[in-house]
Amino acid sequence: MQYFSTRGHSSRLDSAEAILKGLAPDGGLFVPESLPQIDKKFITALQPLSYEERAEKVLGLFLTDYTADELRGCVARAYGGGKFDSERRAPVVTLSDASVLELWHGPTSAFKDMALQLLPQLMQTALQKTGVTDTVLILVATSGDTGKAALEGFRDVPQTKIMVFYPEGGVSRIQRLQMCTQEGANVNVTAVKGNFDDAQSGVKEIFGDEAFNGELQAASVRLSSANSINWGRLVPQIVYYFSAYADLVHAGTIALGEEINCTVPTGNFGDILAGFYARQMGLPIHHLVCASNANNVLTEFLRTGVYNRQRTFYKTITPSMDILISSNLERLLYHMTGSTGRVAEWMQQLQDDGCYTIGSELLSEIQRVFWADWVDDAQTKATICDVYEKEHYVCDPHTAVAYAVARRYQQETGDTRHMVVASTASPYKFNGSVLEALGAEYKGLDEFALLAKLAEYNDNPVPGGLAALARKEIRHQDVCGKADMRQAVLTFARQ
Ligand SMILES: *Cc1c(COP(=O)(O)O)cnc(C)c1O
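Residues numbered from 1 in each chain as written. Predicted model: local features only at pLDDT ≥ 70, side-chain atom pairs only at ≥ 80, totals over all residues. Heavy atoms only, no water.

Thoughts on the site of the ligand
As a reminder of what qualifies: For each residue, the test is whether any non-hydrogen atom lies within 4 Å of the molecule or strand; if one does, the residue is near. Counting of polar contacts relies on pairs of N or O atoms within 3.5 Å, with two restrictions inside protein: one atom must be capable of donating a hydrogen and the other of accepting it, and residues adjacent in sequence are counted only when both atoms are side-chain atoms. To measure how exposed things are, a 1.4 Å probe is used in the Shrake-Rupley method; for residues, cover is taken only from the protein chains shown. Just so you know the grouping, Ala, Val, Leu, Ile, Met, Phe, Trp, Tyr, Cys and Pro go in nonpolar, Asp, Glu, Lys and Arg go in charged, and all remaining residues, Gly too, go in polar.
Surveying the vicinity of the ligand reveals 13 residues, the closest of which are K112, G267, N268, D271 and T424. One of the backbone N or O atoms of G267 is found 2.7 Å from an oxygen atom in the ligand. One nitrogen or oxygen atom from the side chain of S320 is found 3.3 Å from an oxygen atom belonging to the ligand. Within the complex, the protein chains bury 96% of what would otherwise be the 390 Å² of accessible surface of the ligand. Each residue belonging to the shell around the ligand can be placed in one class, and the counts come to 4 nonpolar, 7 polar and 2 charged.

As C-alpha cells, this is what we get:
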C-alpha cells in the first residue's frame with residue numbers, strides 16, 4: 001500500500017516514509033492509494049481477540065511495509081505494559097439510548113493517548129526500517145492535552161526526543177502538573193511567556209527556519225511533529241471503530257452486519273475521519289454524526305457546503321473542540337473528489353480568503369455519510385446532568401456535546417439504528433465543569449479535592465495518573481521568552 005499527497009501525485013511513498021515525513025512536500029496530507037475492503041468474516045475473526053490483536057489485524061491492512069512482527073511489537077509497547085487502566089483498552093458501555101465508546105483509559109486519561117501511544121512506536125520502527133540514524137526531535141506547542149499525551153507517548157522511545165512548549169499561565173493546574181512532573185530521559189517541558197498563539201507561532205517559525213534546521217542537522221537531529229495530520233497518528237484511530245463494532249456484536253447488542261450510527265465530538269476532524277475510513281472499508285456504519293460546540297464551522301460546512309473560518313472564535317467548556325481550521329477535512333475532500341486538483345484549489349482559497357464552497361453535487365454525496373449539529377455550553381451542561389440522572393453515567397463535556405447531538409439526530413431523523421457515541425475524555429480531566437453541571441458544591445475546592453468530590457458521583461475511580469500527581473516531583477521549571485525558543489531547542493537538541 002502506497003501513500004500520496006492530497007494536493008497532487010508527486011511522491012508515492014511507503015507508509016514508513018510517509019510517517020517520518022508527516023506532511024507531504026507540496027503541503028498536502030498523505031492518503032492511502034486505496035482502501036482495503038473487509039467482510040463479515042473479518043469482523044467475526046476480531047471478536048475473540050484482544051485490543052492489541054485487533055489493532056495488529058487492522059493496521060496490517062494499511063501499513064503493508066511493516067512486518068507482522070514489527071506491528072505486534074509496536075502495538076504491545078503502545079497499549080500493553082499496564083499503561084491502560086482497562087483491559088479492553090477502549091471499552092464500550094451500553095446505556096438506554098446509545099453505547100458510549102470510552103477512548104480515555106490511556107496513561108493521560110485523554111483520547112489522544114489512543115493515537116499518541118502508537119505513533120512514536122511506528123516512527124521509531126520507521127527510522128530503523130529506512131536506515132535513518134538521525135535523532136528525531138518532536139516539537140509540540142500545546143494548550144493542554146496534546147502536550148502531555150505526546151510526552152507520555154515519546155518518553156524513552158529510542159532515537160527520539162520530545163520538547164513541549166506551553167503558555168505560562170495558559171493551562172489548567174492539573175495540565176501544568178501533568179507536564180511539569182513528566183518523567184523520561186528524552187523529554188523537555190518549557191513554559192513560554194505569552195499565550196498559546198505565541199507558543200504555536202514560535203514552534204511554526206522554528207519548523208520553517210532553514211538555517212536553524214541546518215544547525216540541528218549538524219548535530220544529527222531532525223525536527224518532526226506529532227499533530228494529527230501525520231498518517232501515523234490517524235491510522236491507530238481506525239482500529240477502535242472495528243473494536244467497538246466487534247464488541248457490540250459479541251455482546252448481542254447488534255447482529256453481525258447490522259448498521260450502526262456513530263456520533264463524534266469533533267475538532268480537527270481526525271477522530272471522525274477514522275470512522276469514515278472504517279465505513280469505506282465495509283464496516284456497517286450508516287451515518288457519521290459530526291458534533292461541534294459554538295465553534296460550529298463544520299456544522300455549517302456539512303449543511304451548506306460553505307467552509308468559512310472568518311467568524312468569531314469562542315472559548316468554550318470543550319476546549320479541545322475550539323478549532324476553526326479542521327485540517328483532516330482535506331483528506332475527506334480528497335477521497336470524495338479524487339485527484340481532480342479541486343482540493344488544492346479549495347485549500348488555496350481557504351488560505352487566501354478564509355473561505356471555500358464545494359458545490360451542491362459533492363455536498364449531497366457528503367451528506368449521504370455525514371450529519372452535523374452543534375450545542376452551546378448551557379446545553380452541554382444540561383446533557384451532563386441529564387445523562388447522569390437518567391443513566392447514572394458521568395460524562396465529560398466533550399462527550400456530552402456528542403451525546404446531545406446524537407439525541408437530536410435520533411429525534412430529527414427518526415433513525416433507530418444503534419448509536420455509538422465516542423467519548424473523548426475522562427470526566428476527571430474537566431472536573432470543575434462536570435461538578436457544576438451536576439449541581440455539586442465545588443467552589444473553593446482545589447484540583448485534588450475536586451477529583452475526590454467527583455469520585456462521589458462516578459463509579460469509575462480517579463485515574464491513577466491523575467491521583468498520583470499530588471505526590472510527584474516537579475522536574476521541569478524552565479521558562480523562556482518567545483524570542484529564546486530557538487536557543488532552548490538547540491540546547492536540548494545537543495544534550
Ligand atoms: C482532540 C479532542 C477532540 C477532537 O478530536 P479531533 O480528532 O481533533 O476531531 C475531542 N475531544 C477531546 C477531549 C479531544 O482531546
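Some points on the pattern of salt bridges
Worth spelling out the cut-off: Between Lys or Arg on one side and Asp or Glu on the other, a salt bridge is scored when a side-chain nitrogen of the former is within 4 Å of a carboxyl oxygen of the latter. Only runs of H or I of at least four residues qualify as helices and only runs of E of at least two qualify as strands under DSSP, and these elements are numbered from the N terminus. Accessibility here uses a 1.4 Å probe with only protein chains present; expressed as a share of the type maximum, an area under 20% marks a residue as buried, one over 50% as exposed, and anything in between as partly exposed.
Following the criterion strictly, the structure yields 26 salt bridges and no others. Its salt-bridge partner being E205, residue K482 comes within 3.6 Å of it at the nearest N-O pair. One end of the pair, K482, is in the loop between β15 (478-480) and α22 (485-494); the other, E205, is in helix α9 (residues 196-208), with 277 residues separating them in the sequence. A relative accessible area of 39% places E205 in the partly exposed class. Measuring nitrogen to oxygen at the nearest pair gives 2.7 Å for the salt bridge that ties R486 to D209. One end of the pair, R486, is in helix α22; the other, D209, is in the loop between α9 and α10 (210-218), with 277 residues separating them in the sequence. The exposure class assigned to R486 is partly exposed, which follows from its relative accessible area of 31%. Look at the salt bridges and you will find they share partners, linking K148, E152, R155, E183 and K472 into a network.

Considering the packing of α10 against α22
Put simply, the rule reads: Angles here are taken between N-to-C directions and fall from 0 to 180 degrees, while the axes themselves are lines fitted to C-alpha atoms, restricted in helices to the stretch in contact. Working rule for angles: under 35 degrees goes down as roughly parallel, over 145 as roughly antiparallel, 65 to 115 as roughly perpendicular, anything else as oblique. A clockwise turn of the near helix away from the far one marks a right-handed crossing, whereas an anticlockwise turn of less than a right angle marks a left-handed crossing. Residues count as neighbours in contact if any of their non-hydrogen atoms are within 4.5 Å of one another.
At their nearest, the axes of α10 and α22 sit 10 Å apart, and the two run at 15° to each other. When the interaxial angle is binned, α10 and α22 end up roughly parallel. Judged by the sense of rotation from one axis to the other, the crossing of α10 with α22 is right-handed. Between α10, through F212, E215 and L216, and α22, the contact on the second element is made entirely by R486, V489, L490, A493 and R494. Of the residues that constitute the contact of α10 with α22, the class distribution is 5 nonpolar, no polar and 3 charged.

What to know about the sheet that holds strand β7 (residues 187-192)
To keep it simple, the criterion reads: At least two bridges found by DSSP between two strands is the condition for calling them paired.
An order of β8-β5-β6-β7-β15 is seen for the 5 strands of this open sheet, with the pairing classed as parallel. Of all strands in the sheet, those bounded by a partner on one side alone are β8 (221-224) and β15. Sheet twist, expressed as the mean angle between neighbouring strand axes with direction ignored, is 30°. Bridging between strand β5 (residues 135-141) and β8 involves 4 bridges; their strand directions are parallel. Looking at β8, one finds that L137 is bridged to L223.

Thoughts on the pairing of strand β4 (residues 99-102)
By the alternation rule, side chains of β4 split into S99 and L101 and V100 and E102, which are all buried. Across 3 bridges, strand β3 (residues 92-94) lies against β4 in antiparallel orientation. From the neighbouring strand, T94 faces β4, where its bridge partner is S99. Hairpin connection between β3 and β4: a loop of 4 residues separates the two successive antiparallel strands. As paired strands, β4 and strand β14 (residues 418-423) are joined by 4 bridges and run parallel to one another. Paired with E102 across the two strands is S423, which belongs to β14.

Quick word on the packing of helix α3 (residues 51-62) against helix α11 (residues 231-250)
Contact geometry of α3 with α11 gives a least axis separation of 9 Å together with a crossing angle of 125°. As the angle between them shows, α3 and α11 are arranged oblique. As α3 packs across α11, the resulting crossing turns out to be right-handed. Across the interface between the two elements, Y51, R54, A55, V58, L59 and F62 of α3 pack against W231, V235, P236, I238, V239, Y240, F242, S243, A246 and D247 of α11.

Quick word on the packing of aromatic side chains
The relation between two aromatic rings is expressed through the spacing of the ring centres and the mutual angle of the planes. The following threshold applies: A pair of Phe, Tyr and Trp rings is counted when the ring centres sit within 6.5 Å of each other, with Trp represented by its six-membered ring. The angle between the planes then sorts it: under 30 degrees is stacked, over 60 is edge-to-face, the rest tilted. A ring is scored as having a charge over it whenever the NZ atom of a lysine or the CZ atom of an arginine sits within 6 Å of its centre and within 35 degrees of its normal.
All told, the structure shown has 17 aromatic pairs when counted by the stated rule. Taking the centre distance of 5.8 Å and the plane angle of 35° together, the rings of F269 and F370 count as tilted. Separated by 101 residues along the polypeptide, F269 in the loop between β9 (260-265) and α12 (270-280) and F370 in strand β13 (residues 370-374) bring together distant segments of the chain. A relative accessible area of 1% places F269 in the buried class. Judged by its relative accessible area of 3%, F370 is buried. Ring centres 6.0 Å apart and planes at 25° place the aromatic pair F276 and F370 in the stacked group. Of this pair, F276 sits in helix α12 while F370 sits in strand β13; the two residues are 94 residues apart in sequence, bridging distant segments of the chain. Through successive ring pairs, a cluster of aromatic residues spans Y3, F62, W231, F269, F276, Y277 and F370. Above the ring of Y66, the side-chain terminus of K129 is found at 5.3 Å from the ring centroid.

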